[in-house]
Structures are given as structure tokens and as C-alpha cells.
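Summary of the model geometry
These are the residues of each chain, in order.
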Amino acid sequence: MSGVTTMRLVTSSRARAGLALWVSSALAAGLLLSGAAARPIHAAAEGTNASGLVCTSDAAGGTNPTFNLTTRAGYINLADGTTAYTWGYSEGSKPFQHPGPVLCVNEGDTVTVILHNAFTSTSPKSAPAVSMVFPGQEGVTADGVPSQPQMTGGVMTSLAQAAQPNGGTVTYQFTAASPGTFLYESGGGQVTSGTPSLYSSPQVQVRMGLFGALIVRPTQAFPGRVSGAAYIYDRADSQFNPDTEFLLLLSEIDPYLNAKVLKGTGAFNMNTYHPRYWLINGRQFPDSIADNFATWLPSQPYGSLAPIHPYDATTNPLPAADRYLSVGTVDYPFHPHGNNGKVIGRDGTPLAGPGGEDMGFDKFAVNVGPGQTWDVLFNWKDDEGYSPSNEVPATEPDLQNLTIGMFYSGSPYLGVQADLPPGVQTLNECGEFYIIAHNHALFQITSWGVNMTGPITYTRVDPPLPNSCP
Ligand SMILES: [Cu+2]
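Residues numbered from 1 in each chain as written. Predicted model: local features only at pLDDT ≥ 70, side-chain atom pairs only at ≥ 80, totals over all residues. Heavy atoms only, no water.

The protein atoms that coordinate the copper ion are His335 (NE2), His337 (NE2) and His438 (NE2), at distances of 2.0 to 2.4 Å. Counting residues between consecutive donors of the copper ion along the chain gives the motif H-x1-H-x100-H. One end of the pair, His337, is in the loop between strand 18 (332-336) and strand 19 (341-346); the other, His438, is in strand 24 (residues 433-439), and 101 residues separate them in sequence. Given a relative accessible area of 7%, His438 falls into the buried group. (Donors = N, O, S within 2.8 Å, 3.2 Å for Na, K, Ca; no water. Helix = DSSP H or I, 4+ residues; strand = E, 2+ residues; numbered from the N terminus. Buried < 20%, exposed > 50% of the residue type's maximum accessible area, 1.4 Å probe, protein only.)

Here we come to the pairing of strand 8 (residues 155-158). In terms of strand pairing, strand 7 (residues 150-152) meets strand 8 through three bridges, oriented antiparallel. Its bridge partner being in strand 8, Gln150 is matched across the sheet by Ser158. Linking two consecutive strands that pair antiparallel, namely strand 7 and strand 8, is a turn of two residues; a positive phi of about 60° is found at Gly153 within it. (Pairing = 2+ DSSP bridges.)

Here we take up the pattern of salt bridges. This model, assessed by the stated rule, comprises nine salt bridges. Between Arg323 and Glu245 there is a salt bridge; the shortest N-O distance is 2.9 Å. Placement of the pair is Arg323 in strand 17 (residues 320-326) and Glu245 in strand 14 (residues 245-253), with a sequence separation of 78 residues. Each member of the pair, Arg323 as well as Glu245, carries the same accessibility label: buried. The shortest N-O distance in the salt bridge between Arg460 and Asp462 comes to 2.6 Å. Take Asp462: its relative accessible area is 2%, and that puts it in the buried class. The network of salt bridges with shared partners includes Glu429, Glu432, Arg460 and Asp462. (Salt bridge = Lys/Arg side-chain N within 4 Å of Asp/Glu carboxyl O.)

Turning our eyes to something else, we now look at the pairing of strand 4 (residues 110-117). Summarising burial for strand 4: six of the eight residues are buried, a large majority. As paired elements, strand 1 (residues 66-77) and strand 4 share five bridges and run parallel to each other. Bridge pairing in strand 4 places Thr66 opposite Thr112. Both strand 4 and strand 9 (residues 168-175) contribute to a ladder of eight bridges, which runs antiparallel. Looking at strand 9, one finds that Asn117 is bridged to Gly168.

Pairing is mixed across the open sheet formed by three strands, whose spatial order is 3-11-10. Each edge of the open sheet is held by one strand with a lone partner, namely strand 3 (103-106) and strand 10 (180-185). Going from strand to strand, the sheet's axes swing by 25° on average, the running direction of each strand aside. (Axes fitted to C-alpha atoms, helices over the stretch in contact; angles between N-to-C directions.)

Glancing now at the sheet that holds strand 22 (residues 366-368). Taken together, the five strands give an open sheet; going across it, the order is 16-27-24-18-22, and neighbouring strands pair in mixed fashion. With one partner strand each, in any of the chains shown, strand 16 (306-308) and strand 22 form the two edges of the open sheet. Pairwise comparison of adjacent strand axes, ignoring direction, gives a mean angle of 20° for this sheet. Across three bridges, the pairing between strand 18 and strand 22 is antiparallel. By the bridge assignment for strand 22, Tyr332 is matched with Val368.

Mapped onto the elements of the fold, Pro255 is located in helix 3 (residues 255-263). Judged by its relative accessible area of 15%, Pro255 is buried. Note: C-alpha distance between Pro255 and Tyr277 (22 residues apart in sequence) is 7.9 Å. Residues in contact with Pro255, not counting those within four places in the same chain, are Arg276, Tyr277 and Trp448. (Contact = heavy atoms within 4.5 Å.)

All chains considered together, the criterion is met by two disulfides. Through a disulfide, Cys430 is tied to Cys469; the S-S separation comes to 2.0 Å. Sign of the S-S torsion, about 75° for the bond between Cys430 and Cys469, identifies this disulfide as right-handed. With Cys430 in the loop between strand 23 (373-378) and strand 24 and Cys469 in the segment after strand 27 (456-461), this residue pair connects regions lying 39 residues apart in the sequence. For the pair Cys430 and Cys469, one class covers both residues: buried. Going through the protein in sequence order and numbering each bonded cysteine, the pairs you get are 1-2, 3-4. (Disulfide = S-S within 2.5 Å.)

It is worth spelling out empty space enclosed by the protein at this point. A complete count under the given rule lists six cavities of 30 Å³ or more for this structure. When its volume is computed, the largest cavity comes out at roughly 130 Å³. Along the wall of the largest cavity there are 19 residues; nearest its centre are Asp322, Tyr324, Pro336, Ala437 and Thr459. Of all the elements in the fold, those that place two or more residues in the lining of the largest cavity are strand 17, strand 18, strand 23 and strand 27. Looking at the lining of the largest cavity, the element that brings in the most residues is strand 27, giving three residues. (1 Å grid on protein atoms, 1.4 Å probe; cavity = no way out; pocket = protein on both sides within 12 Å on 5 of 7 lines; lining within 4 Å. Points joined across faces, edges and corners; volume = space filled by probe spheres on them.)

Attention now goes to the nonpolar core. Grouped together as the largest cluster of nonpolar side chains are 37 residues, with contacts concentrated most on Met132 and Tyr172. Sorting the residues of this core by element identifies strand 1, strand 2 (83-91), strand 3, strand 4, strand 9, strand 10, strand 11 (211-217) and helix 3 as the ones contributing at least two each. Core analysis: the next-biggest nonpolar cluster, separate from the first, contains 16 residues, Ala213, Ile215, Leu247 and Leu249 among them. (Core = buried A, V, L, I, M, F, W, Y, C linked by side-chain atoms within 4.5 Å.)

That is the geometry; function is a separate question.
Structure follows, in C-alpha cells:
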């Protein structure tokens with residue numbers, strides 16, 4: 001190999017100091033909102049992490065959190081250049097976002113969610129009542145009484161007590177009894193008289209975007225627990241690297257339904273419902289790999305790029321965590337390329353035998369069904385250790401016989417950058433590897449027929465720390 005540059009190594013203290021300086025100045029300049037954010041930064045606090053799970057926690061930061069969620073309507077960008085009229089839950093008085101904030105709580109917390117229905121007859125025109133349900137949580141109350149289906153004129157019109165439009169509220173409360181990954185979503189809107197409308201249907205309200213993720217973090221003592229470490233469940237074998245925790249909330253859009261809801265009048269036959277767009281965390285590729293809070297996606301704050309480092313028994317022994325959730329209508333067979341994940345939990349339940357035996361299993365494609373959540377641990381191993389001194393045992397074709405993609409560093413070796421042919425551009429910053437991860441129902445990685453968009457994201461394997469990655 002000619003023209004190979006060696007990886008620039010700096011000491012870890014220098015790298016950290018440099019990173020800290022860069023981060024503080026970048027924060028001051030608002031640069032973390034651009035595509036040039038530093039990695040790795042996954043501090044789980046809203047507005048600071050360029051990639052990875054973004055937690056919304058209780059504003060006061062204490063136990064027994066309270067969240068104020070407000071219904072909003074707005075527009076999201078889709079990968080074919082169009083927009084979709086969508087609904088969402090936003091925190092407090094914040095503007096419309098899609099999907100709703102990721103609510104992070106601790107096991108045992110009494111969780112209070114106050115739903116404010118800000119829908120009015122001007123936005124959206126249908127001004128429906130809206131409720132919330134918390135699948136997987138038991139003993140949920142609404143305004144102090146059991147949360148339960150609501151009937152109007154002998155017809156069930158909502159799965160829970162609903163907040164009426166023009167400022168109605170409902171206070172839901174439950175004890176987050178079990179750790180894991182959960183959904184929250186609309187249970188529809190109870191109509192006070194007459195017959196249920198299209199717009200009050202839970203099916204339609206979830207399709208319109210009234211959903212989000214709820215993360216319950218474990219707090220129990222258990223054998224092998226390391227104080228301060230991160231776990232998915234109350235089990236030592238569910239430990240993961242908290243710098244590499246990722247959310248993949250999968251959804252879909254039928255633009256005809258959204259257009260009908262925007263218009264706010266008339267009927268829509270749900271038997272003709274036919275999604276044309278599929279999304280991860282409310283975005284489509286390539287926006288899916290943009291940073292959290294990318295400025296050009298003001299209503300779609302959450303990215304899904306997954307930056308990790310190679311497994312190393314000493315410096316990086318813990319796996320990354322993927323939390324998959326689906327609010328779709330059909331199975332989404334999601335598969336990270338080149339990697340099995342270890343499925344350790346489903347629907348907020350650890351995969352364990354009656355004696356606590358580890359019943360987790362390796363899986364290539366993660367087939368996330370409607371309403372399901374899957375907790376998956378994974379890492380990436382540089383098993384062969386290929387480097388310029390341990391060359392790939394195959395002759396690389398001449399540059400003029402190659403078509404080089406935009407994520408290629410010019411070298412097959414992790415952490416190495418090399419010459420590229422004239423005119424070839426690269427987004428590869430430090431010899432990192434990009435490995436695609438996508439919905440394997442290939443017709444779903446489209447946007448109304450525009451191919452290679454939709455639920456596609458990437459695992460980004462950076463060279464081991466310390467590295468020269470910006
Ligand atoms: Cu594939």
C-alpha cells in the first residue's frame with residue numbers, strides 16, 4: 001500500500017483536554033447542533049449529545065418525576081423532499097417535535113405525566129380529545145381513578161380518560177415497577193357526545209405521531225452489580241457502556257391519511273391505509289444519521305447514528321445497547337449488517353429462566369413487531385486486527401478499477417486514511433468504518449418509491465480511544 005498515513009495517536013489526557021476545550025467552545029458557538037460535532041459525547045442530557053439516546057428527565061432532577069406533555073401539530077421533513085403534517089407530544093411549552101420526548105425514569109419511581117391538550121379548532125381543525133396509555137405499566141391512574149377505556153353512548157371511544165381540546169388536562173400516574181424499554185402513546189380521544197370521529201380514533205392518533213419512548217432504569221441490588229454502572233435490567237449480564245446507548249423507534253406514515261387529517265373534514269377508510277414512508281426516531285435516511293438536534297430538522301430532534309469503538313477486553317469491554325421500539329402496523333425486520341446482537345429483553349421483560357438463567361440469544365435480524373420493544377446488546381470485534389503491518393490477505397484492485405463510496409477513508413484499515421482518486425470526496429473523518437443497519441423489508445426503505453431512504457442508519461466504528469477523530 002502506498003500513501004498510507006499512520007494513525008495519529010495522542011495521549012488520553014491530551015485528547016480529553018482537547019475534547020473538553022472543543023466541546024465548551026463548540027457549545028458556546030452552538031456548533032454541537034451542526035454536523036461537525038465531536039465524538040464521543042453521549043452524556044444523557046437533552047441538548048448535549050450529538051448521537052445516542054437523548055433522555056428527558058424530571059425538570060427538578062429528583063425521584064418521582066413529573067412530566068408535562070403537550071399535544072402539538074406541525075410538519076416533518078421526509079427524504080423525498082416533501083413534508084408530512086404530523087402530531088406529537090412536546091415537553092411543557094416547547095414547540096412541536098416528533099416523536100415525543102424520551103422519558104427516562106428509575107425503577108420504583110412514582111411517575112406523573114400531566115397531559116395538556118393544546119389542540120384547538122384552528123390547529124388541528126378536527127380538535128380531537130387526546131389521551132395517553134402506557135403499555136407495560138400496571139395500576140395507571142388518571143386524575144386519581146383507574147385509567148380505563150371510556151364509553152360514549154355505549155361505544156368505546158378511548159382507551160383511557162382523555163384531555164379535551166382547548167386546554168383540557170389529565171394527570172396520569174403509575175409506579176415504574178420494572179426496568180426496560182416501553183412505549184407511551186395515544187389511547188384515542190373520548191368524544192363527549194355523538195359518535196367517535198376519525199380523528200379521535202387511537203389508531204389514527206398513533207399513526208399521526210402521538211407516541212414516544214419510556215426508559216425505566218433498574219435500581220435493585222443484585223449479585224454482581226457495580227455501583228454507578230449502567231444496566232438495562234436488574235441483572236449483571238445486562239450491563240452496557242453508557243456512552244453507547246441507542247434508540248430506534250420505528251414508525252410509518254400514509255401521507256393520504258395525514259393530508260386528510262390536515263384538511264380536518266370528511267372520512268378516511270382505514271381499510272385503504274397504506275404507508276409510503278417509514279422512519280427511525282421520526283427521521284428518514286440520510287437525515288437519520290445526522291446529529292441529534294440538527295438545525296435543519298427543527299421538529300425531528302433525534303438521530304440514530306451509532307458510534308462505537310472496537311471491543312477490547314481492557315479498554316472497551318462492555319457492549320453497546322440498542323433499544324428497538326415499533327409503533328408500526330406490521331413487523332419491521334431490522335438488521336444491523338455484519339453483526340449479531342444479543343437479545344436480552346422483550347417488552348420490558350428480561351429473557352430469563354425461572355431460576356434467573358440467561359435466556360438471551362444471538363440474533364442477526366431483529367424482527368420488531370407492532371407495539372413491541374426489544375433490548376439488544378452488541379459490540380464490534382476487530383478479530384483479524386488488519387493493519388498496514390498485517391495486511392488484508394487479498395490484493396486490492398487498482399484505484400481506477402474501484403468505485404469508492406463517500407464513507408471510505410481510502411484504506412481498508414480501521415483508523416487509517418489513504419489517497420483517494422482525483423475528484424473523489426469522503427465524509428470519513430478518521431479512518432472510521434461505517435456499517436449499514438436497516439429495515440430488511442426492502443420496500444420499506446423507500447419514501448413513496450424513492451429508493452435507499454427510510455429506515456436506514458449506520459453503525460460508526462471509530463478507532464480505539466485515544467484516536468484522532470474530530
Ligand atoms: Cu441489508
